[in-house]
Amino acid sequence: MPQGFITNLYVFVLAGFLGFEVIRRVSPLLHTPLMSLTNALDAIVVLAAIIICGETREVLPTVLGAIAVAAAFSNMIGGFLITDRMLRMFKLSGRKKQ
Amino acid sequence: MTAPIVLVIQQYADFSYVAAIALFILSLKWLSSPATARRGVLSGEIGAALALVTTFFDPRLVQFRWIAVGLLVGLIIGIPLGLVKMTAVPQRTAMSHAFGALAAAVIGISEYYVHAPHITKFGMTEIAMEVIIGCLSFTGSLIAAGKLQEVLPQRPITYRGQNYVSLAIFSAAVILALILIINPGAPYLFPAMVGVSLFFGILLVTPIGGADMPTVISLLNSYVGLSAALLGFVLNSKVLVVAGALDGSSGFILSVIMCKAMNRSFTNVLFGAFGQVTAAAEQVKEERTVRSATAEEAAAILAAATSVVVVPGYGMAVAQAQHKVREMFDLLTTLGVDVKFAIHPVAGRMPGHMNVLLAEADVPYDKLVEMEDANSDLPQADVALVIGANDVTNPAAKTNQGSPIYGMPIIEADKAHTVMVIKRSMNPGFAGIDNPLYYLDKTLMLFGDAKAFVSDIVRDLSEAAKGAKKSATGGR
């Protein structure tokens with residue numbers, strides 16, 4: 001079993017528990033923005049896509065990598081954009097617009 | 001002069017990734033309350049930008065042209081996906097699940113072809129798991145998006161023996177994966193595994209009905225997170241492992257909340273096909289009388305109340321009535337009536353959707369209350385006004401063991417002093433289950449289109465508000 005796997009497993013388990021504790025506290029008011037925000041954060045796979053796409057001049061990995069870059073980057077841009085749009089709408093009473 | 005800077009950035013790349021991870025976790029932490037939530041988005045954006053910039057300095061990169069093309073296409077697709085209407089957010093989310101899964105699957109596929117046949121059994125296991133989950137989440141999310149966009153039929157599509165067929169297809173994917181693990185040098189089997197996984201994703205989501213979409217969309221979210229984390233294992237990238245684990249646990253938590261809110265188990269959602277139970281519910285159709293009221297009467301009752309709890313459902317959003325509802329809320333507030341909105345966890349088409357729709361209509365978020373809090377308020381409330389919601393207020397869920405929704409937690413509108421229900425007709429709702437709430441002595445049915453009816457109430461209320469203002473100034 002590769003050494004890297006064990007380290008990654010530690011990271012995965014700890015991040016999973018940390019995520020569970022942090023996200024459990026998110027108000028149900030914000031569950032939709034939560035999903036769009038985690039989608040945007042998940043789009044960090046774009047890093048891997050960039051490496052796959054750019055580390056070689058062979059056709060297959062370059063094309064597949066470019067597809068992955070496009071798919072992940074659209075999620076990143078779109079996810080942050082819509083999350084912020086949604087959160088801007090949440091206002092307390094008393095603080096009326098105008 | 002630039003060369004040393006590049007070297008420094010390369011040397012400290014890992015520090016930058018660790019900082020990005022920390023910013024991601026802070027981002028989710030700040031999302032816990034609406035007051036700090038926008039800071040959370042900013043923190044996530046900074047983390048992502050930091051990691052992205054660092055990656056451009058990676059020494060492995062030999063060409064940038066296709067990366068630039070990919071980023072440009074992503075930008076062109078991503079911006080419109082960030083600007084959709086709030087009613088379309090559920091299908092947008094499903095599409096973004098699909099894109100996330102596609103990215104993860106495609107990278108896994110590329111990894112296989114770059115390294116095959118020189119892949120260890122262990123490495124092949126990781127790649128196979130990652131590609132199977134990525135592929136099935138991709139097609140599954142596309143089907144979910146199609147259903148939410150109503151391109152595909154909303155009702156569950158089922159046939160006899162379907163669970164066995166699905167199981168067989170999934171087993172085929174696993175068997176192909178096992179053969180590849182034993183013999184990674186059989187590259188012709190790899191496309192077969194991809195194809196079978198894509199097909200399984202379609203089979204997985206097609207039988208699931210519209211009412212279960214909040215659960216399905218959360219479940220797919222956790223699959224997408226899992227595929228990203230597995231990709232992190234394949235590529236030995238801690239950033240991906242952490243981001244994937246966070247996304248996965250978020251999807252998992254939301255799935256559990258949605259399942260609890262419908263009193264259903266994961267297996268039941270995935271294999272049970274909600275909406276099939278209608279036949280059993282329809283057998284007793286005794287003639288019962290209902291009382292109805294006009295908008296004028298409804299407005300008078302609302303204006304005379306001290307506290308009103310509005311129970312909105314997706315029907316309100318379909319009728320585009322939320323802005324009129326907010327006008328009604330404003331008028332009642334000026335008349336001194338305390339108005340709250342009781343939000344059931346499955347109101348709307350994805351977790352939290354109803355809150356977003358009401359926030360968009362400028363309803364202050366401190367007036368949106370969760371089901372448990374609403375249920376402790378309702379016995380003291382003068383009026384419960386149900387708009388476009390049905391099953392989530394059905395008292396049969398608590399009393400009638402034979403009801404298909406028995407055990408589902410509901411908003412107890414029947415506890416209020418007076419109940420008013422805006423509804424088009426007496427036709428049963430989405431799941432086809434009759435609602436005894438409508439036949440109670442204290443219930444008034446307000447028949448009509450939600451938007452038109454609320455507009456009429458608003459008209460009558462604004463006259464009442466004017467009258468109140470006049471008498472107040474006249475008295476001085």
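Residues numbered from 1 in each chain as written. Chains lettered and ligands numbered in written order. Predicted model: local features only at pLDDT ≥ 70, side-chain atom pairs only at ≥ 80, totals over all residues. Heavy atoms only, no water.

Before we move on, could you go through the overall build of chain B and cite the residues and values that matter?
What chain B contains, in helices and strands, is 19 helices and seven strands. Each of the three principal axes of chain B carries a C-alpha extent, and together these read 85 × 65 × 35 Å. Burial statistics for chain B: of 476 residues in total, 55% are counted as buried. Total accessible area on chain B stands at roughly 20,100 Å², and carbon and sulfur atoms take up 63% of it. The distance from the centre of the 33 positive side-chain charges to the centre of the 34 negative ones in chain B is 3 Å. (Helix = DSSP H or I, 4+ residues; strand = E, 2+ residues; numbered from the N terminus. Buried < 20%, exposed > 50% of the residue type's maximum accessible area, 1.4 Å probe, protein only. Areas by Shrake-Rupley, 256 points an atom, 1.4 Å probe, with all protein chains shown as cover. Lys, Arg positive; Asp, Glu negative; His and termini not counted. Charge placed at Lys NZ, Arg CZ, Asp CG, Glu CD.)

Quick one: what's the story with unusual backbone geometry, residue by residue and with numbers?
Residues and elements named next belong to chain B. Positive phi values are uncommon outside glycine, yet Gln320 reaches one of about 55 degrees. For Asp362, which is not glycine, the phi torsion reads 70 degrees and is therefore positive. With respect to the secondary-structure elements, Asp362 resides in the loop between α16 (353-360) and β4 (368-370).

Break down the nonpolar core for me, with residues and values.
The nonpolar side chains of a soluble globular protein tend to be buried with one another. Counting residues in each nonpolar core, the largest one holds 157 residues, and the members touching the most others are Ile44 of chain A together with Phe190, Met328 and Phe341 of chain B. Sorting elements by how many residues they give to this core places helix α4 (residues 59-89) of chain A first, with 13 residues. Other than its neighbours up to four places away in sequence, Met328 of chain B contacts Leu302, Val310, Leu385, Val454, Ile457, Val458 and Leu461 of chain B. Core analysis: the second largest hydrophobic core is formed by 29 residues, Ala261, Ala397, Ile411 and Ala413 of chain B among them. (Core = buried A, V, L, I, M, F, W, Y, C linked by side-chain atoms within 4.5 Å. Contact = heavy atoms within 4.5 Å.)

Could you give an account of the pattern of salt bridges, with specific residues and numbers?
Residue and element names in this part refer to chain B. Under the definition given, this model contains 15 salt bridges over all chains. We note a salt bridge from Lys367 to Asp338, for which the minimum N-O separation is 4.0 Å. Residue Lys367 is located in the loop between α16 and β4, and its partner Asp338 is located in strand β3 (residues 338-343); the two are separated by 29 residues in the primary sequence. Look at Asp338 and you get partly exposed, because its relative accessible area is 32%. (Salt bridge = Lys/Arg side-chain N within 4 Å of Asp/Glu carboxyl O.)

Tell me about helix α1 (residues 3-24) of chain A, and name the residues and values.
The periodicity of an α-helix, 3.6 residues per turn, causes residues three or four positions apart to be oriented the same way. For α1 of chain A, spanning 22 residues, the distance from its first C-alpha to its last is 32 Å, which sits close to the expected 32 Å at 1.5 Å a residue. Of all the positions in α1 of chain A, only Phe5, Asn8, Ala15, Gly19, Val22 and Ile23 of chain A are classed as buried. All buried residues of α1 of chain A project into a common sector of 120 degrees when viewed along the axis, lining one side. Residues of α1 of chain A that are exposed and angled more than 90 degrees away from the buried face: Gln3, Tyr10, Leu14 and Phe17 of chain A. Tucked inside the fold, the buried residues of α1 of chain A contact α2 (31-42) of chain A together with α2 (13-30), α6 (121-148), α9 (213-235) and α10 (238-262) of chain B. (Expected span 1.5 Å × (residues − 1). Arc of directions from axis to C-beta.)

Before we move on, can you summarise the packing of α1 of chain A against α2 of chain B with the specific residues and values?
The interhelical angle for the contact between α1 of chain A and α2 of chain B, taken along N-to-C directions, is 25 degrees, at an axis separation of 8 Å. Comparing their axes, α2 of chain B and α1 of chain A come out roughly parallel. Here α1 of chain A and α2 of chain B pass one another in a crossing that is right-handed. Here α1 of chain A contributes Leu18, Val22 and Ile23 of chain A to the contact with α2 of chain B, which in turn contributes Ile25, Leu28 and Lys29 of chain B. Of the residues that constitute the contact of α1 of chain A with α2 of chain B, the class distribution is five nonpolar, no polar and one charged. (Axes fitted to C-alpha atoms, helices over the stretch in contact; angles between N-to-C directions. Parallel < 35°, antiparallel > 145°, perpendicular 65-115°, else oblique. Left-handed = near helix turned anticlockwise from the far one by under 90°. Nonpolar A, V, L, I, M, F, W, Y, C, P; charged D, E, K, R; others polar.)

Describe the packing of aromatic side chains, naming the residues involved and giving the relevant values.
On inspection of all chains with the given rule, the structure shows ten aromatic pairs over all chains. Taking the centre distance of 4.0 Å and the plane angle of 0 degrees together, the rings of Tyr112 of chain B and Phe190 of chain B count as stacked. Separated by 78 residues along the polypeptide, Tyr112 of chain B in helix α5 (residues 89-115) and Phe190 of chain B in helix α8 (residues 189-205) bring together distant segments of the chain. Connected via pairs of aromatic rings, a cluster forms that spans Phe5 and Phe12 of chain A together with Phe122 and Phe233 of chain B. The residue whose ring lies beneath Arg39 of chain B is Trp30 of chain B, and the NZ or CZ to ring-centre distance is 4.9 Å. (Phe/Tyr/Trp six-rings, centres within 6.5 Å; stacked < 30°, edge-to-face > 60°. Lys NZ or Arg CZ within 6 Å of the ring centre and 35° of its normal.)

Help me get a handle on the domain arrangement of chain B, residues and values and all.
Residues and elements named next belong to chain B. Each assigned domain of chain B is listed here: domain 1 (1-62), domain 2 (87-271) and domain 3 (279-472). In this structure, domain 2 and domain 3 have C-alpha centres spaced 38 Å apart. Across the interface of domain 2 and domain 3, roughly 1,400 Å² is buried in total on both sides, 71% from carbon and sulfur atoms. Contact with domain 3 buries surface across domain 2, with Thr87, Ala261 and Asn263 losing the most and accounting together for 34% of the total. One can count one salt bridge joining domain 2 with domain 3. Across the pair Arg349 and Glu150 runs a salt bridge, and its minimum N-O distance is 3.0 Å. At the junction of domain 2 with domain 3, the criterion picks out four residue pairs in polar contact (both at pLDDT 80 or more). (Domains from an automatic or database assignment. Buried area = accessible area lost by both parts, 1.4 Å probe. Polar contact = N/O pair within 3.5 Å; in protein donor to acceptor, adjacent residues only side chain to side chain.)

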